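Results of the structural survey
Each chain is listed here by its residues.
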Amino acid sequence: MLARKSIIPEEFGLPGLVSRTPRKPVFRDRVNKARFIAKNGSCNLAHKNIREQGRFLQDVFTTLVDLKWRFTLVIFTTTFVSSWLLFAMSWWLVAFAHGDLDPLRRDGPHCVTAVKSFTSAFLFSIEVQVTIGFGGRMITEQCPAAITVLILQNIAGLIINAVMLGCIFMKTAQSNRRAETLIFSRHAVIAVRNNRLCFMIRIGDLRKSMIIGATVRLQVVRKTSTPEGEVIPIHQIDVQTESAVASNSLFLLAPLIICHVIDRNSPLYELSAMELQCSDLEVIVILEGVVETTGITTQARTSYVSEEIQWGHRFVPIVTEEEGVYSVDYSKFGNTVRVATPHCSARELDEKPSILIQTLQKSELSHQNSLRKRNSMRRNNSVRKGGGGGSLRRNNSGMVSKVQFFTPAEGGQSVNAVT
(Lines give C-alpha, C1' and ligand atoms only; values in the text may rest on other atoms or scores of the structure.)
Protein backbone atom coordinates (compact mmCIF):
# COMPACT_ATOMS: atom_id res chain seq x y z
CA MET A 1 0.00 0.00 0.00
CA LEU A 2 1.41 3.37 -1.01
CA ALA A 3 2.07 6.01 1.60
CA ARG A 4 -0.44 8.82 1.71
CA LYS A 5 1.01 12.08 0.46
CA SER A 6 0.70 15.04 2.77
CA ILE A 7 -1.60 17.88 1.80
CA ILE A 8 0.86 20.55 3.07
CA PRO A 9 3.93 21.01 0.82
CA GLU A 10 7.21 19.97 2.35
CA GLU A 11 8.79 23.42 2.04
CA PHE A 12 6.04 24.85 4.29
CA GLY A 13 6.28 22.13 6.89
CA LEU A 14 7.97 22.52 10.27
CA PRO A 15 11.31 20.95 9.22
CA GLY A 16 11.45 23.13 6.14
CA LEU A 17 10.70 26.33 8.05
CA VAL A 18 13.30 25.52 10.70
CA SER A 19 15.97 24.86 8.08
CA ARG A 20 15.30 28.18 6.36
CA THR A 21 15.19 30.25 9.57
CA PRO A 22 18.53 32.01 10.19
CA ARG A 23 20.02 30.87 13.47
CA LYS A 24 21.35 33.43 15.91
CA PRO A 25 24.49 32.74 17.87
CA VAL A 26 23.66 31.05 21.14
CA PHE A 27 25.60 32.11 24.23
CA ARG A 28 25.79 30.19 27.46
CA ASP A 29 23.48 31.68 30.05
CA ARG A 30 25.18 32.95 33.16
CA VAL A 31 24.45 30.81 36.17
CA ASN A 32 22.72 32.73 38.96
CA LYS A 33 25.59 33.27 41.35
CA ALA A 34 25.20 34.51 44.90
CA ARG A 35 26.70 37.91 45.58
CA PHE A 36 29.69 38.03 47.88
CA ILE A 37 28.84 41.60 48.98
CA ALA A 38 25.26 42.89 48.89
CA LYS A 39 24.36 46.32 47.55
CA ASN A 40 23.93 47.66 51.09
CA GLY A 41 27.43 46.49 52.04
CA SER A 42 26.57 43.43 54.12
CA CYS A 43 28.61 40.28 53.57
CA ASN A 44 26.59 37.45 52.11
CA LEU A 45 28.42 34.76 54.04
CA ALA A 46 27.10 32.09 56.40
CA HIS A 47 29.37 30.47 59.02
CA LYS A 48 28.50 26.83 59.64
CA ASN A 49 29.82 23.98 61.76
CA ILE A 50 31.86 26.14 64.14
CA ARG A 51 33.00 23.71 66.82
CA GLU A 52 35.02 26.07 68.99
CA GLN A 53 32.15 28.23 70.28
CA GLY A 54 34.11 29.05 73.43
CA ARG A 55 36.29 31.49 71.54
CA PHE A 56 33.39 33.97 71.46
CA LEU A 57 33.22 33.97 75.27
CA GLN A 58 36.89 34.90 75.52
CA ASP A 59 36.01 38.28 74.02
CA VAL A 60 32.77 39.05 75.83
CA PHE A 61 32.74 42.78 75.04
CA THR A 62 32.97 42.32 71.27
CA THR A 63 30.39 39.54 71.42
CA LEU A 64 27.96 41.83 73.25
CA VAL A 65 28.52 44.64 70.77
CA ASP A 66 27.95 42.31 67.79
CA LEU A 67 24.66 41.00 69.18
CA LYS A 68 21.34 42.38 68.05
CA TRP A 69 19.65 45.07 70.10
CA ARG A 70 16.97 42.80 71.57
CA PHE A 71 19.56 40.38 72.91
CA THR A 72 21.71 43.21 74.24
CA LEU A 73 18.80 44.75 76.16
CA VAL A 74 17.83 41.38 77.61
CA ILE A 75 21.41 40.77 78.79
CA PHE A 76 21.61 44.34 80.15
CA THR A 77 18.44 43.93 82.25
CA THR A 78 19.26 40.40 83.36
CA THR A 79 22.76 41.36 84.52
CA PHE A 80 21.60 44.20 86.77
CA VAL A 81 18.63 42.31 88.25
CA SER A 82 20.82 39.25 88.89
CA SER A 83 23.45 41.33 90.69
CA TRP A 84 20.79 43.01 92.85
CA LEU A 85 19.30 39.64 93.78
CA LEU A 86 22.71 38.11 94.51
CA PHE A 87 23.76 40.87 96.89
CA ALA A 88 20.27 41.00 98.40
CA MET A 89 20.79 37.38 99.42
CA SER A 90 24.18 38.37 100.86
CA TRP A 91 22.63 41.16 102.95
CA TRP A 92 19.88 38.84 104.13
CA LEU A 93 22.45 36.23 105.22
CA VAL A 94 24.47 38.88 107.06
CA ALA A 95 21.37 40.06 108.88
CA PHE A 96 20.31 36.49 109.62
CA ALA A 97 23.77 35.57 110.99
CA HIS A 98 23.83 38.65 113.19
CA GLY A 99 20.34 37.96 114.52
CA ASP A 100 18.73 41.08 113.06
CA LEU A 101 15.82 39.06 111.67
CA ASP A 102 14.75 37.77 115.10
CA PRO A 103 11.38 39.40 115.88
CA LEU A 104 11.93 39.01 119.66
CA ARG A 105 15.15 40.98 119.58
CA ARG A 106 14.57 44.61 120.32
CA ASP A 107 17.77 45.87 121.86
CA GLY A 108 21.32 45.70 120.52
CA PRO A 109 23.04 47.13 117.42
CA HIS A 110 22.06 45.91 113.93
CA CYS A 111 24.35 45.37 110.91
CA VAL A 112 21.89 47.18 108.65
CA THR A 113 19.06 49.14 110.15
CA ALA A 114 15.50 48.47 108.96
CA VAL A 115 16.40 45.18 107.20
CA LYS A 116 13.84 42.71 108.53
CA SER A 117 13.03 40.57 105.46
CA PHE A 118 14.33 39.56 102.05
CA THR A 119 12.32 42.33 100.40
CA SER A 120 13.95 45.00 102.54
CA ALA A 121 17.36 43.39 101.84
CA PHE A 122 16.63 43.57 98.08
CA LEU A 123 15.70 47.26 98.33
CA PHE A 124 18.87 47.97 100.31
CA SER A 125 20.93 46.14 97.65
CA ILE A 126 19.50 48.43 94.96
CA GLU A 127 20.23 51.51 97.08
CA VAL A 128 23.85 50.48 97.57
CA GLN A 129 24.60 49.58 93.96
CA VAL A 130 22.74 52.44 92.31
CA THR A 131 23.72 54.92 95.09
CA ILE A 132 20.16 56.15 95.55
CA GLY A 133 20.19 56.19 99.36
CA PHE A 134 16.68 56.97 100.62
CA GLY A 135 17.98 57.22 104.18
CA GLY A 136 15.71 54.67 105.89
CA ARG A 137 18.27 51.85 105.73
CA MET A 138 21.96 52.19 106.43
CA ILE A 139 24.95 50.11 107.48
CA THR A 140 26.49 50.37 110.93
CA GLU A 141 30.00 49.84 112.20
CA GLN A 142 29.04 46.96 114.42
CA CYS A 143 29.36 44.30 111.71
CA PRO A 144 32.64 43.82 109.75
CA ALA A 145 30.94 41.31 107.40
CA ALA A 146 28.48 43.98 106.27
CA ILE A 147 31.35 46.35 105.48
CA THR A 148 33.00 43.65 103.36
CA VAL A 149 29.79 43.01 101.44
CA LEU A 150 29.40 46.75 100.88
CA ILE A 151 32.89 47.01 99.34
CA LEU A 152 32.36 43.99 97.12
CA GLN A 153 29.02 45.24 95.86
CA ASN A 154 30.42 48.68 95.00
CA ILE A 155 33.29 47.16 93.02
CA ALA A 156 31.00 44.72 91.20
CA GLY A 157 28.53 47.50 90.44
CA LEU A 158 31.23 49.69 88.90
CA ILE A 159 32.45 46.83 86.70
CA ILE A 160 28.93 46.00 85.51
CA ASN A 161 28.17 49.66 84.78
CA ALA A 162 31.39 50.10 82.83
CA VAL A 163 30.84 47.01 80.69
CA MET A 164 27.13 47.45 80.04
CA LEU A 165 27.18 51.20 79.44
CA GLY A 166 30.27 50.86 77.26
CA CYS A 167 28.52 48.19 75.22
CA ILE A 168 25.44 50.40 74.75
CA PHE A 169 27.61 53.37 73.75
CA MET A 170 29.58 51.35 71.20
CA LYS A 171 26.40 49.98 69.66
CA THR A 172 24.89 53.46 69.28
CA ALA A 173 28.14 54.90 67.89
CA GLN A 174 28.99 52.10 65.50
CA SER A 175 30.82 53.13 62.34
CA ASN A 176 28.32 51.46 60.03
CA ARG A 177 25.76 54.11 60.99
CA ARG A 178 27.91 56.76 59.36
CA ALA A 179 28.28 54.57 56.31
CA GLU A 180 24.53 54.86 55.66
CA THR A 181 25.11 58.36 54.24
CA LEU A 182 27.94 57.25 51.93
CA ILE A 183 26.30 56.38 48.63
CA PHE A 184 27.38 54.60 45.47
CA SER A 185 25.93 54.69 41.98
CA ARG A 186 23.45 51.93 41.22
CA HIS A 187 25.36 50.87 38.11
CA ALA A 188 28.97 50.95 36.99
CA VAL A 189 29.89 52.04 33.47
CA ILE A 190 32.59 51.24 30.95
CA ALA A 191 33.43 53.93 28.41
CA VAL A 192 36.37 55.52 26.62
CA ARG A 193 38.24 58.20 28.55
CA ASN A 194 41.49 59.65 27.26
CA ASN A 195 41.48 57.05 24.44
CA ARG A 196 41.43 54.16 26.92
CA LEU A 197 38.65 51.89 28.08
CA CYS A 198 37.82 52.73 31.70
CA PHE A 199 35.67 51.19 34.40
CA MET A 200 33.94 53.97 36.36
CA ILE A 201 31.67 54.33 39.39
CA ARG A 202 30.39 57.36 41.28
CA ILE A 203 30.60 57.84 45.04
CA GLY A 204 29.23 60.61 47.25
CA ASP A 205 28.68 61.77 50.82
CA LEU A 206 25.30 63.15 51.87
CA ARG A 207 26.52 64.81 55.08
CA LYS A 208 28.32 68.12 55.37
CA SER A 209 30.77 66.66 57.90
CA MET A 210 33.56 65.21 55.82
CA ILE A 211 35.32 61.87 55.79
CA ILE A 212 38.98 62.52 56.57
CA GLY A 213 41.57 60.55 54.61
CA ALA A 214 39.02 58.76 52.46
CA THR A 215 40.41 55.89 50.42
CA VAL A 216 38.76 53.73 47.76
CA ARG A 217 39.78 50.17 46.96
CA LEU A 218 38.46 48.01 44.13
CA GLN A 219 38.63 44.24 44.06
CA VAL A 220 37.44 41.72 41.50
CA VAL A 221 36.12 38.49 42.99
CA ARG A 222 35.75 35.52 40.69
CA LYS A 223 36.10 31.76 40.63
CA THR A 224 39.44 30.66 39.21
CA SER A 225 41.49 27.52 38.93
CA THR A 226 45.26 27.08 39.07
CA PRO A 227 47.34 25.10 36.52
CA GLU A 228 47.64 22.39 39.16
CA GLY A 229 43.86 21.93 39.20
CA GLU A 230 43.13 23.74 42.46
CA VAL A 231 39.79 25.58 42.37
CA ILE A 232 39.68 28.91 44.21
CA PRO A 233 36.00 29.84 44.70
CA ILE A 234 36.70 33.38 45.98
CA HIS A 235 39.80 34.75 44.27
CA GLN A 236 40.33 38.41 45.13
CA ILE A 237 42.27 40.58 42.67
CA ASP A 238 43.19 44.15 43.58
CA VAL A 239 42.27 46.76 40.98
CA GLN A 240 44.27 49.96 40.69
CA THR A 241 42.34 53.22 40.40
CA GLU A 242 43.33 56.31 38.44
CA SER A 243 43.64 58.46 41.59
CA ALA A 244 46.22 56.19 43.19
CA VAL A 245 48.58 58.91 44.38
CA ALA A 246 49.88 59.46 47.89
CA SER A 247 48.16 56.46 49.52
CA ASN A 248 45.08 56.88 47.32
CA SER A 249 43.56 59.56 49.58
CA LEU A 250 40.47 61.39 48.30
CA PHE A 251 39.00 64.78 49.14
CA LEU A 252 35.36 63.70 49.24
CA LEU A 253 33.81 67.16 49.25
CA ALA A 254 31.48 66.52 46.30
CA PRO A 255 30.51 63.34 44.43
CA LEU A 256 33.49 61.88 42.59
CA ILE A 257 33.86 59.46 39.69
CA ILE A 258 36.34 56.71 40.49
CA CYS A 259 38.04 55.55 37.31
CA HIS A 260 39.97 52.34 36.67
CA VAL A 261 41.91 52.22 33.41
CA ILE A 262 41.58 48.78 31.84
CA ASP A 263 45.19 48.02 30.96
CA ARG A 264 47.31 44.87 30.76
CA ASN A 265 47.31 44.44 34.54
CA SER A 266 43.53 44.68 34.81
CA PRO A 267 41.37 41.55 35.22
CA LEU A 268 38.95 43.13 32.71
CA TYR A 269 41.59 43.41 29.99
CA GLU A 270 40.41 40.47 27.86
CA LEU A 271 36.66 40.90 28.33
CA SER A 272 34.51 42.33 25.56
CA ALA A 273 30.98 43.64 25.96
CA MET A 274 29.43 40.27 25.16
CA GLU A 275 31.87 38.27 27.27
CA LEU A 276 31.29 40.58 30.23
CA GLN A 277 27.58 39.75 30.28
CA CYS A 278 28.36 36.02 30.34
CA SER A 279 31.06 36.24 33.03
CA ASP A 280 30.54 35.57 36.74
CA LEU A 281 32.85 38.23 38.15
CA GLU A 282 31.92 40.66 40.90
CA VAL A 283 33.58 44.03 41.44
CA ILE A 284 33.72 45.04 45.12
CA VAL A 285 34.14 48.70 46.07
CA ILE A 286 35.37 49.60 49.58
CA LEU A 287 35.32 53.20 50.84
CA GLU A 288 37.17 53.85 54.12
CA GLY A 289 37.85 56.96 56.12
CA VAL A 290 37.75 58.66 59.52
CA VAL A 291 34.56 60.41 60.62
CA GLU A 292 35.33 64.07 61.25
CA THR A 293 32.93 64.49 64.20
CA THR A 294 33.68 61.31 66.17
CA GLY A 295 37.13 60.23 64.96
CA ILE A 296 35.91 56.68 64.39
CA THR A 297 37.02 54.80 61.29
CA THR A 298 34.10 53.89 59.04
CA GLN A 299 33.80 51.66 56.01
CA ALA A 300 31.14 51.52 53.29
CA ARG A 301 30.96 48.66 50.80
CA THR A 302 29.04 47.69 47.69
CA SER A 303 29.49 45.44 44.68
CA TYR A 304 28.66 45.26 40.98
CA VAL A 305 27.93 42.06 39.11
CA SER A 306 28.07 41.79 35.33
CA GLU A 307 24.38 42.72 34.91
CA GLU A 308 25.01 46.00 36.75
CA ILE A 309 27.89 47.13 34.51
CA GLN A 310 26.70 49.25 31.58
CA TRP A 311 28.99 49.12 28.55
CA GLY A 312 29.11 52.29 26.48
CA HIS A 313 27.63 54.66 29.06
CA ARG A 314 28.91 57.70 30.95
CA PHE A 315 27.72 59.52 34.06
CA VAL A 316 25.97 62.84 33.56
CA PRO A 317 27.39 65.94 35.32
CA ILE A 318 25.56 66.83 38.53
CA VAL A 319 27.71 69.67 39.93
CA THR A 320 26.77 73.13 38.70
CA GLU A 321 27.58 76.68 39.77
CA GLU A 322 24.56 78.72 40.82
CA GLU A 323 25.01 82.31 42.02
CA GLY A 324 28.56 81.72 43.20
CA VAL A 325 27.73 78.46 45.02
CA TYR A 326 28.40 74.96 43.76
CA SER A 327 25.20 72.93 43.73
CA VAL A 328 24.89 69.14 43.58
CA ASP A 329 21.76 67.59 42.11
CA TYR A 330 21.50 64.16 43.72
CA SER A 331 18.42 63.29 41.66
CA LYS A 332 20.82 62.65 38.75
CA PHE A 333 23.42 60.83 40.83
CA GLY A 334 23.07 57.53 38.99
CA ASN A 335 21.95 58.82 35.59
CA THR A 336 24.02 57.81 32.58
CA VAL A 337 24.05 58.61 28.87
CA ARG A 338 25.07 56.41 25.97
CA VAL A 339 28.37 57.29 24.30
CA ALA A 340 30.35 55.84 21.41
CA THR A 341 32.35 52.92 22.75
CA PRO A 342 33.86 49.93 20.91
CA HIS A 343 32.34 46.61 21.94
CA CYS A 344 35.68 44.84 21.71
CA SER A 345 37.99 44.14 24.63
CA ALA A 346 40.77 46.44 25.76
CA ARG A 347 43.30 43.94 24.41
CA GLU A 348 41.83 44.09 20.91
CA LEU A 349 41.70 47.87 21.18
CA ASP A 350 45.42 47.98 21.98
CA GLU A 351 46.24 45.66 19.10
CA LYS A 352 44.03 47.56 16.62
CA PRO A 353 43.81 51.26 17.54
CA SER A 354 41.91 51.91 14.31
CA ILE A 355 38.80 50.37 15.90
CA LEU A 356 38.47 53.35 18.22
CA ILE A 357 38.94 55.83 15.37
CA GLN A 358 36.31 54.10 13.24
CA THR A 359 33.88 54.01 16.13
CA LEU A 360 34.31 57.71 16.83
CA GLN A 361 33.96 58.56 13.14
CA LYS A 362 30.75 56.53 12.86
CA SER A 363 29.42 58.23 15.95
CA GLU A 364 30.25 61.66 14.56
CA LEU A 365 28.58 60.87 11.22
CA SER A 366 25.46 59.55 12.91
CA HIS A 367 25.37 62.63 15.12
CA GLN A 368 25.64 64.93 12.10
CA ASN A 369 22.93 63.00 10.26
CA SER A 370 20.62 63.24 13.22
CA LEU A 371 21.25 66.99 13.43
CA ARG A 372 20.49 67.38 9.71
CA LYS A 373 17.27 65.41 10.03
CA ARG A 374 16.28 67.43 13.05
CA ASN A 375 16.97 70.74 11.28
CA SER A 376 15.09 69.64 8.16
CA MET A 377 12.11 68.59 10.26
CA ARG A 378 12.14 71.95 12.01
CA ARG A 379 12.21 73.78 8.66
CA ASN A 380 9.32 71.73 7.32
CA ASN A 381 7.29 72.34 10.45
CA SER A 382 7.97 76.07 10.32
CA VAL A 383 7.00 76.23 6.63
CA ARG A 384 3.80 74.32 7.27
CA LYS A 385 2.83 76.45 10.28
CA GLY A 386 3.90 79.89 9.01
CA GLY A 387 3.55 79.77 5.21
CA GLY A 388 0.76 77.24 4.72
CA GLY A 389 -2.14 79.74 4.63
CA GLY A 390 -0.34 82.31 2.44
CA SER A 391 0.64 79.75 -0.14
CA LEU A 392 -2.89 78.50 -0.26
CA ARG A 393 -4.19 82.01 -0.83
CA ARG A 394 -1.59 82.63 -3.52
CA ASN A 395 -2.62 79.46 -5.27
CA ASN A 396 -6.29 80.42 -5.14
CA SER A 397 -5.61 83.90 -6.46
CA GLY A 398 -3.43 82.56 -9.23
CA MET A 399 -6.01 80.12 -10.51
CA VAL A 400 -7.61 81.16 -13.85
CA SER A 401 -10.75 79.45 -15.00
CA LYS A 402 -11.25 79.31 -18.70
CA VAL A 403 -14.77 78.85 -20.08
CA GLN A 404 -15.41 78.29 -23.82
CA PHE A 405 -18.79 79.04 -25.30
CA PHE A 406 -19.88 77.62 -28.64
CA THR A 407 -22.49 79.79 -30.35
CA PRO A 408 -23.77 79.46 -33.86
CA ALA A 409 -22.28 82.25 -35.97
CA GLU A 410 -21.85 83.02 -39.52
CA GLY A 411 -19.37 80.93 -41.37
CA GLY A 412 -19.43 78.29 -38.61
CA GLN A 413 -16.95 80.23 -36.44
CA SER A 414 -17.03 79.99 -32.68
CA VAL A 415 -16.59 82.77 -30.21
CA ASN A 416 -14.45 82.13 -27.08
CA ALA A 417 -15.04 84.10 -23.88
CA VAL A 418 -12.50 83.93 -21.09
CA THR A 419 -13.46 85.03 -17.58
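Look a little higher up for the structure.
Below or above, wherever it landed, is the structure these notes cover.

About the thresholds
Residues numbered from 1 in each chain as written. Predicted model: local features only at pLDDT ≥ 70, side-chain atom pairs only at ≥ 80, totals over all residues. Heavy atoms only, no water. Axes fitted to C-alpha atoms, helices over the stretch in contact; angles between N-to-C directions. Helix = DSSP H or I, 4+ residues; strand = E, 2+ residues; numbered from the N terminus. Parallel < 35°, antiparallel > 145°, perpendicular 65-115°, else oblique. Nonpolar A, V, L, I, M, F, W, Y, C, P; charged D, E, K, R; others polar. Phe/Tyr/Trp six-rings, centres within 6.5 Å; stacked < 30°, edge-to-face > 60°. Lys NZ or Arg CZ within 6 Å of the ring centre and 35° of its normal. Left-handed = near helix turned anticlockwise from the far one by under 90°. Contact = heavy atoms within 4.5 Å. Core = buried A, V, L, I, M, F, W, Y, C linked by side-chain atoms within 4.5 Å. Buried < 20%, exposed > 50% of the residue type's maximum accessible area, 1.4 Å probe, protein only. Expected span 1.5 Å × (residues − 1). Pairing = 2+ DSSP bridges.

**A closer look at the packing of helix H4 (residues 69–98) against helix H6 (residues 144–172)**
Where H4 contacts H6, the axes come no closer than 11 Å and their chain directions differ by 175 degrees. In terms of orientation, H4 lies roughly antiparallel with respect to H6. Taken together, the residues of the contact of H4 with H6 break down into 17 nonpolar, 7 polar and 1 charged.

**Section: the packing of aromatic side chains**
Two aromatic rings, taken as a pair, are described by how far apart their centres are and by the angle between their planes. One pass over the structure, following the stated rule, counts 5 aromatic pairs. On the basis of an interplanar angle of 25 degrees and a centroid distance of 6.2 Å, the ring pair of Tyr330 and Phe333 is categorised as stacked. Ring pairing ties together the aromatic residues Phe76, Phe80 and Trp84, which thus form one cluster. Here the guanidinium or amino end of Lys171 rests over the ring plane of Trp69, the centre of that ring lying 5.2 Å away. Positioned above the aromatic ring of Phe333, the side-chain terminus of Arg202 is 5.9 Å from the ring centre.

**Focus: the packing of helix H5 (residues 118–130) against H6**
Between H5 and H6, the least distance of the axes is 9 Å, while the angle of their chain directions is 60 degrees. Classified by the interaxial angle, the pair formed by H5 and H6 is oblique. Seen from above, H5 lies across H6 with right-handed handedness. The segment H5 lies against H6, with Ser125, Val128 and Gln129 engaging Leu150, Gln153, Asn154, Gly157 and Ile160. For the contact of H5 with H6, the per-class residue count stands at 3 nonpolar, 5 polar and no charged.

**Re the nonpolar core**
Core analysis: the largest hydrophobic core is formed by 37 residues, its most contacted members being Phe199, Ile203 and Ile309. Formed by 13 residues, the second largest nonpolar core is a distinct cluster that contains Val94, Val115, Ala121 and Ala146.

**Details of H4**
The terminal C-alpha atoms of H4, which comprises 30 residues, lie 44 Å apart, in line with the 44 Å expected from a rise of 1.5 Å per residue. Turning to H4, its buried residues number three or more, namely Thr72, Phe80, Ser83, Trp84, Phe87, Ala88, Trp91, Val94 and Ala95. Note on H4: the residue one or two positions beyond its end, Gly99, has a positive phi of about 85 degrees.

**Examining the pairing of strand S4 (residues 211–225)**
Taken together, the 9 bridges between S4 and strand S8 (residues 282–291) define a ladder with antiparallel strand orientation. Bridge pairing in S8 places Leu218 opposite Val285. Across 2 bridges, the pairing between S4 and strand S6 (residues 249–250) is antiparallel. The partner of Thr215 across the bridge, within S6, is Ser249. In this sheet, strand S5 (residues 231–239) lies alongside S4 in antiparallel orientation, the contact comprising 7 bridges. Each residue of the ladder has a partner; that of Gln219, found in S5, is Asp238. The antiparallel pairing of S4 with S5 creates a hairpin that spans 5 residues between the two strands, and Gly229 there sits at a positive phi of about 100 degrees.

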